[in-house]
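Examination of the molecular architecture
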Amino acid sequence: MDSWIDLRSDTVTKPTEPMRKAMYEAEVGDDVYSEDPTVNALEEKTAEMFAREAALFVPTGSMGNAVCLEVLTRPGSEVICDRLSHVYNYELSSMAVLSGLTPRVVDGPQGAPFPEQVEEAIHPPLYYVAPTGCISLENTANIAGGRIFPEKRMKQIVALARKNNIPVHLDGARIFNAAVALSKEVAELTAGMDCVMFCLSKGLGAPVGSMVLGSREFIREARRVRKLFGGGMRQAGILAAAGIYALDNNVPRLDQDHANARRLAEELSQIDGLEVDTETVETNIIMVGTKEPAPGAEKLCRRLESYSVQVDPLGPNLTRLVTHLDVSSEDVVRAIEAFRAAVK
Ligand SMILES: Cc1ncc(COP(=O)(O)O)c(C=O)c1O
């Protein structure tokens, strides 16, 4: 049987031998005492990459987002976020459970709202309405198909937030995908945000970990909240070493994932029964619709399994494919053949 090709997510990558070696050799200490030299090195390195004063290593992207929202707001406030955003759809309402926040949802195109939509969602400072606590944006927008947030639009929203004295959080789980696709620095793409979260454990290929970036004062408070939420880790240098390795070795290669995604999208768009808008494939995520004569998404995914291709349905007629470090260009050719066979 052929080896599995896992297109469900870029979170499925396994650490490579050299990454494991770096983890094995990592110097460690107790990070709750800020004494883990490898965690400290990772935090310094990312702060520099993002041109920020400080950074914090957190176990997951979800915790990073939760920490940021908690630090930026007070209970009873609203978080302006997009209908497709991860904080709204896939974080178990943690903003409500952990921080007493409610989402004020806007419906932007491809997960990237217009400034006018955000402006309309901002509450005036009246004592009888919930204050707007913060604006949370996502780049790339996962469920929108890995779309890159248009830079001009993002700058306009940041300016609007400044005018209204509202902080902005960026869920930049895949900001390196955006940076590589645009040939820009992450510092440039995230300038003006009060805080940024990005994931080491997605396209960058580390097994665990995300980073939060902000001012020294913000990170001091974020460190307290990370502990409050149960995320204070001890000899976490073993994990941080994987993050350092990922940042040193796996950033430019995201281009290959993007090229693989484009190839997949182009070929799948030619198959009768599949709907792919190739124009929207900007990074490593492809949304694939199904229609007659192809079966529904659930059945299609089950059939793909018999060709050793793993894909999850996202709706009755929708699947999402994600390319990553463990998907080679040969795997892409095999996956295309599997789709051809499975739609019949
Ligand atoms: C856009 C976005 N934000 C946050 C997260 C959460 O990351 P984690 O799975 O590490 O909690 C994800 C995970 O898929 C994501 O896609």
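Residues numbered from 1 in each chain as written. Predicted model: local features only at pLDDT ≥ 70, side-chain atom pairs only at ≥ 80, totals over all residues. Heavy atoms only, no water.

Let's talk about the environment of Ser34
- Looking at where Ser34 falls in the secondary structure, it is placed in the loop between α1 (17–25) and α2 (37–49).
- Here Ser34 falls in the partly exposed class, since its relative accessible area comes to 34%.
- Residues Ser34 and Phe198, spaced 164 residues apart in sequence, show a C-alpha to C-alpha distance of 21 Å.
- Beyond its immediate stretch of four places on either side in the chain, Ser34 contacts Asn40 and Arg223. (Helix = DSSP H or I, 4+ residues; strand = E, 2+ residues; numbered from the N terminus. Buried < 20%, exposed > 50% of the residue type's maximum accessible area, 1.4 Å probe, protein only. Contact = heavy atoms within 4.5 Å.)

Examining the environment of Gly64
- Here Gly64 lies in helix α3 (residues 61–72).
- Using a relative accessible area of 0% as the deciding quantity, one classes Gly64 as buried.
- Residue contacts for Gly64: discarding those within four places in its chain leaves Val58, Met197 and Val212.

With respect to the pattern of salt bridges
- Under the counting rule described, the total for this entry stands at 21 salt bridges.
- When the shortest N-O distance is used, the salt bridge between Glu78 and Arg104 registers 2.9 Å. With Glu78 in strand β3 (residues 78–82) and Arg104 in strand β4 (residues 102–106), the pair connects residues that are 26 residues apart, well separated along the chain.
- Given the relative accessible area of 7%, Glu78 is considered buried.
- Note on Arg104: relative accessible area 33%, which makes it partly exposed.
- Taking the shortest distance from any N to any O, the salt bridge between Glu221 and Arg224 comes out at 2.8 Å. (Salt bridge = Lys/Arg side-chain N within 4 Å of Asp/Glu carboxyl O.)

Points about the domain arrangement of the protein chain
- Splitting the protein chain by domain gives domain 1 (17–249) and domain 2 (253–342).
- Inter-centroid distance (C-alpha atoms) of domain 1 to domain 2 is 28 Å.
- When the two sides are added together, the surface that domain 1 and domain 2 hide from each other amounts to roughly 1,300 Å², 56% of it contributed by carbon and sulfur.
- Contact with domain 2 buries surface across domain 1, with Arg147, Asn177 and Val180 losing the most and accounting together for 33% of the total.
- Between domain 1 and domain 2 we count one salt bridge in total.
- Notably, a salt bridge pairs Arg147 with Glu282, separated by 3.2 Å at the nearest N-O pair.
- Run the count over domain 1 and domain 2 and you get five residue pairs in polar contact (both at pLDDT 80 or more). (Domains from an automatic or database assignment. Buried area = accessible area lost by both parts, 1.4 Å probe. Polar contact = N/O pair within 3.5 Å; in protein donor to acceptor, adjacent residues only side chain to side chain.)

Considerations on the layout of surface pockets
- Of the voids in this model, the largest pocket is the one considered here, and its volume is about 210 Å³.
- Taken together, 15 residues form the lining of the largest pocket, with Ser9, His86, Asn142, Arg174 and Arg320 sitting closest to its centre.
- Partitioned by chemical class, the residues of the lining of the largest pocket number four nonpolar, eight polar and three charged.
- Taken as a whole, the second largest pocket encloses approximately 160 Å³ of empty space.
- As for the second largest pocket, its lining consists of Gln110, Ile143, Ala144, Arg147, Asp277, Thr280 and Met287.
- Class assignment of the residues belonging to the lining of the second largest pocket gives a composition of three nonpolar, two polar and two charged.
- Of the domains in this structure, domain 1 (17–249) and domain 2 (253–342) are the two that each give at least three residues to the lining of the second largest pocket. (1 Å grid on protein atoms, 1.4 Å probe; cavity = no way out; pocket = protein on both sides within 12 Å on 5 of 7 lines; lining within 4 Å. Points joined across faces, edges and corners; volume = space filled by probe spheres on them. Nonpolar A, V, L, I, M, F, W, Y, C, P; charged D, E, K, R; others polar.)

Details of empty space enclosed by the protein
- Here the structure, examined in full by the defined rule, presents three cavities of 30 Å³ or more.
- By volume, the largest cavity amounts to about 100 Å³.
- Considering the residues around the largest cavity, the lining is formed by Asn139, Phe149, Glu151, Met154, Lys155, Val158, Glu188, Leu189, Thr190, Ala191 and Met193.
- Looking at the lining of the largest cavity, the elements that each hand over two or more residues are α7 (151–163) and α9 (186–189).
- In terms of residues, the lining of the largest cavity owes the most to one element, α7, which gives four residues.
- Taken together, the residues that form the lining of the largest cavity break down as six nonpolar, two polar and three charged.

Remarks on the side chain of Asp10
- Of note, Asp10 is situated in the loop between β1 (5–6) and α1.
- Reaching out from Asp10, the side chain makes a polar contact with the side chain of Arg174 at a distance of 2.8 Å.
- A polar side-chain atom of Asp10 sits 3.0 Å from a polar atom in the side chain of Asn284.
- Those residues in contact with Asp10 that sit more than four places away from it in its chain are Arg174, Ser201, Lys202, Gly203, Asn284, Val322, Thr323 and His324.

What to know about helix α8 (residues 175–182)
- Burial analysis of α8 places six of its eight residues in the buried class, which makes it a mostly covered element.
- Taken together, the buried positions of α8 are occupied by Ile175, Phe176, Asn177, Ala178, Ala179 and Val180.
- Residues of α8 that are buried in the fold lie against α2, β6 (168–171), α9, β7 (195–199), α11 (237–249) and α12 (254–269).

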